[in-house]
Amino acid sequence: MIYFDNSATTAIYPLALDTYVKTSQRIMGNPSSLHDLGTQANRLLQQARKQIAELLSVQANEIFFTSGGTEGDNWVLKGTAIAKRDYGNHIIISSVEHPAVSRTAEQLKELGYEVSVVPVDQTGFVQVEKLVELIRPETILVSIMGVNNEMGAIQPIKAISAILESYPTIHFHVDAVQAVGKVDQAEWLTPRVDFATFSAHKFHGPRGVGFIYWKAGRNLAPLLNGGGQESGQRATTENLPAIVAMSRALRLHLEKKAERPNHTAVIRQYLKEALTSYDKVTIFSGEENFAPHILTFGIKGIRGEVLVHALEEKQIFVSTTSACSSRKKVDSSTLHAMNVPHDVATTAVRVSLDEGNTMAEAEQFMVVFNHLYNKFSKIN
């Protein structure tokens, strides 16, 4: 099996899984309980929080646990809308945001908030000058993803941060789900970023757990109310085994990135050069300022899902751009935002790599691809 769908989800590290199992078996207390078992659980919870904070070079009190990226995005957008409703009702997002952001913004729009969408250029990058034009006195939030999950474009967070220095009351949120451990942190977690969203299953942690970075001093309303966990900001009993396993997975992931910083980039470049030699192949992902693990392309006249299933028959797994949309047969929102013609956009498939992938897998992928390409050409 060749697994080239790591942007959809990653396999949990064996050591992280071991941590999950052992924590489940040995730590039975509720972190909120006052007895010794609760104290033991709470101590482990705070150790995980501290480790994640240290890995990101932030403060432990700026890390809040969630159920994953979708909850984190919902929390920041809705929490900002509630907390700052007396100061403004205008939110800015980009045209290529994950549905966790774009659909949340649509819901807020139905509730009376105003939402502006900043366009991207033909290569998928947010047009910073257009964003500046959208800022109003009543703007309370700007939400821009760090790395686009469909094309791999590293968004100009530094440039946007520089602009927002002149607007200190506007919350700046970065969806960092596809960025952490893939792209240097300085590119997406600048001092001006107020909130960032993370999901454990994107860096070999368990599913159903994540966290947000919440800069100290910023105001955010709770999304979940109840027992007062997470310093009163996110009620519900903490998923301690998953949280502890997530902290270990993040450490392992960043260590592996440091050990082989260019590993996925080399494989991606090989695949890109090999695919470019085919006349009917369109490469959608660019080169400069693109993440080293995502490569999106298509075969003219062949729908993306057809190629996905043809590769699947050979035990090679890729996706049609965003996995969250592919099963619903929703065409790539990013390609449409880039003004790619509909009949071309529907051909797109995404290869997404990880440090566990090898050049041998890439070479085997091209052997299979060559066979399928010739087969499709004969059919056409």
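Rules used throughout
- Residues numbered from 1 in each chain as written.
- Predicted model: local features only at pLDDT ≥ 70, side-chain atom pairs only at ≥ 80, totals over all residues.
- Heavy atoms only, no water.
- UniProt positions renumbered as here; feature names shortened; annotations may be inferred.
- Axes fitted to C-alpha atoms, helices over the stretch in contact; angles between N-to-C directions.
- Helix = DSSP H or I, 4+ residues; strand = E, 2+ residues; numbered from the N terminus.
- Parallel < 35°, antiparallel > 145°, perpendicular 65-115°, else oblique.
- Left-handed = near helix turned anticlockwise from the far one by under 90°.
- Contact = heavy atoms within 4.5 Å.
- Salt bridge = Lys/Arg side-chain N within 4 Å of Asp/Glu carboxyl O.
- Buried < 20%, exposed > 50% of the residue type's maximum accessible area, 1.4 Å probe, protein only.
- Core = buried A, V, L, I, M, F, W, Y, C linked by side-chain atoms within 4.5 Å.
- Pairing = 2+ DSSP bridges.

The name recorded for the protein in an unreviewed UniProt entry is Cysteine desulfurase, from Candidatus Enterococcus murrayae. Quoted verbatim from the Cofactor (unreviewed entry) heading of the UniProt record, the comment on the protein is "pyridoxal 5'-phosphate".

Undergrad: Can you walk me through the packing of helix H8 (residues 263-276) against helix H13 (residues 359-379) in this structure?
TA: In a packed pair of helices, the relevant descriptors are the angle between the two axes and the axis-to-axis distance. As a packed pair, H8 and H13 sit with axes 10 Å apart at the nearest point and diverge in direction by 20°. Comparing the axis directions of H8 and H13 gives the class roughly parallel. Here H8 runs over H13; the crossing is right-handed. On H13, the residues touching Val 266, Ile 267, Tyr 270, Leu 271, Ala 274 and Leu 275 of H8 are Met 359, Ala 362, Glu 363, Phe 365, Met 366 and Phe 369.

Undergrad: What should I look at first to understand the pattern of salt bridges in this one?
TA: In total, this model carries 15 salt bridges according to the counting rule given. Across the pair Arg 350 and Asp 5 runs a salt bridge whose closest N-O atoms are separated by 3.5 Å. With Arg 350 in strand E12 (residues 348-352) and Asp 5 in the loop between strand E1 (2-3) and helix H1 (14-26), this pair connects stretches of sequence that are 345 residues apart. Comparing Arg 350 with Asp 5, the two get one shared label, buried. With its nearest N and O atoms 2.8 Å apart, the salt bridge here joins Arg 49 to Glu 230. One end of the pair, Arg 49, is in helix H2 (residues 36-56); the other, Glu 230, is in the loop between strand E8 (210-214) and helix H7 (240-259), with 181 residues separating them in the sequence. Taking relative accessible area as the criterion, Arg 49 reaches 8% and is therefore assigned buried. Each member of the salt-bridge network shares a partner with another, and the members are Arg 192, Asp 194, Lys 215 and Arg 218.

Undergrad: I tried to follow the side chain of Arg 192 on my own but got confused; where do I start?
TA: As for its position among the elements, Arg 192 is in the loop between strand E6 (171-175) and strand E7 (195-199). Overall, Arg 192 belongs to the buried group, its relative accessible area being 6%.

Undergrad: I keep staring at the nonpolar core and nothing clicks. Help me out?
TA: Most often, soluble globular proteins keep nonpolar side chains buried together rather than apart. Within the largest apolar cluster, 64 residues are counted, with the highest numbers of intra-cluster contacts made by Leu 131, Ile 144, Phe 172, Trp 188, Phe 198 and Phe 211. Broken down by element, the residue count for this core peaks at eight residues, all from H7. Trp 188 has contacts with Leu 56, Gly 146, Ile 157, Val 174, Ala 176, Ala 179, Val 180, Val 183, Val 193 and Phe 198, leaving out every residue within four places of it along the chain. Within the second largest apolar cluster, 29 residues are counted, among which are Tyr 278, Leu 295, Leu 307 and Ile 316.

Undergrad: Just to check I follow, could you spell out the sheet that holds strand E10 (residues 294-299) for this structure?
TA: Two orientations exist for strands paired in a sheet by backbone hydrogen bonds: parallel and antiparallel. Read from one edge of the open sheet, three strands run E9-E10-E12, paired in antiparallel fashion. Of all strands in the sheet, those with a lone pairing partner are strand E9 (281-283) and E12, marking the two edges. Pairwise comparison of adjacent strand axes, ignoring direction, gives a mean angle of 30° for this sheet. Note that E9 and E10 share three bridges and pair antiparallel. Bridging across to E10, Thr 282 finds its partner in Gly 298.

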